[in-house]
Amino acid sequence: MKTWICLICGWVYDEETGSPEDGIPAGTKWEDVPMNWTCPECGARKEDFEMMEI
Ligand SMILES: [Zn+2]
């Protein structure tokens, strides 16, 4: 499981917890998140996220 961070606002997507409020179930891998999904905080697109080492 990996963690991805929004480079614009710093919101973090954790594959382990997903983003259930946005319809992304827990355990959803980043590549399986829909291309049209956007950051719930700032509306940035997936390409504005970067993998983050914990
Ligand atoms: Zn953001």
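Residues numbered from 1 in each chain as written. Predicted model: local features only at pLDDT ≥ 70, side-chain atom pairs only at ≥ 80, totals over all residues. Heavy atoms only, no water.

Participant: Just checking my understanding: could you explain the nonpolar core for this structure?
Facilitator: Inside soluble globular proteins, nonpolar side chains tend to come together where they are buried. Membership of the largest hydrophobic core is limited to 11 residues, which are W4, C6, W11, Y13, I24, W30, V33, W37, C39, A44 and F49. When sequence neighbours within four positions are dropped, the list of residues in contact with A44 reads C6, I8, W37, T38, C39 and F49. (Core = buried A, V, L, I, M, F, W, Y, C linked by side-chain atoms within 4.5 Å. Buried < 20%, exposed > 50% of the residue type's maximum accessible area, 1.4 Å probe, protein only. Contact = heavy atoms within 4.5 Å.)

Participant: Can you help me understand the UniProt feature "binding site: Fe cation" (unreviewed entry) in the chain in this one?
Facilitator: Here the UniProt-annotated "binding site: Fe cation" (unreviewed entry) positions come out as C6, C9, C39 and C42. Across 37 residues in sequence, these annotated residues keep their C-alpha atoms within 8.8 Å of one another, forming a single compact spot. Looking at the secondary structure, you find C6 in strand 1 (residues 3–6). Not counting residues up to four positions away in its chain, the partners in contact with C6 are W11, C39, C42, A44, D48 and F49. Here C9 is to be found in the loop between strand 1 and strand 2 (12–14). If sequence neighbours within four positions are ignored, C9 has contacts with C39, E41 and C42. (UniProt positions renumbered as here; feature names shortened; annotations may be inferred. Helix = DSSP H or I, 4+ residues; strand = E, 2+ residues; numbered from the N terminus.)

Participant: Even after reading the chapter, I still don't get the pattern of salt bridges, so can you show me in this structure?
Facilitator: A pair can form between side chains of opposite charge whenever their charged atoms are brought close. Scanning all chains against the criterion turns up 1 salt bridge. E47 is paired through a salt bridge with R45; the nearest N and O atoms lie 3.8 Å apart. Classification of E47 as exposed rests on a relative accessible area of 56%. (Salt bridge = Lys/Arg side-chain N within 4 Å of Asp/Glu carboxyl O.)

Participant: I tried to follow the side chain of S19 on my own but got confused; where do I start?
Facilitator: In this structure, S19 sits in the loop between strand 2 and strand 3 (49–52). Among the polar contacts made by the side chain of S19, one reaches the side chain of D22 at a distance of 2.5 Å. Residues within four places of S19 in sequence aside, it is in contact with W11, Y13 and I24. (Polar contact = N/O pair within 3.5 Å; in protein donor to acceptor, adjacent residues only side chain to side chain.)

Participant: I keep staring at the packing of aromatic side chains and nothing clicks. Help me out?
Facilitator: In this description, a pair of aromatic rings is defined by centroid distance and the angle of the planes. Within the structure shown, the criterion is met by 8 aromatic pairs. Arranged with centres 5.5 Å apart and planes meeting at 55 degrees, the rings of W37 and F49 form a pair that is tilted. Of this pair, W37 sits in the loop between strand 2 and strand 3 while F49 is found in strand 3, placing the two residues 12 residues apart along the sequence. Under the relative-accessibility criterion, W37 is labelled buried at 6%. (Phe/Tyr/Trp six-rings, centres within 6.5 Å; stacked < 30°, edge-to-face > 60°.)

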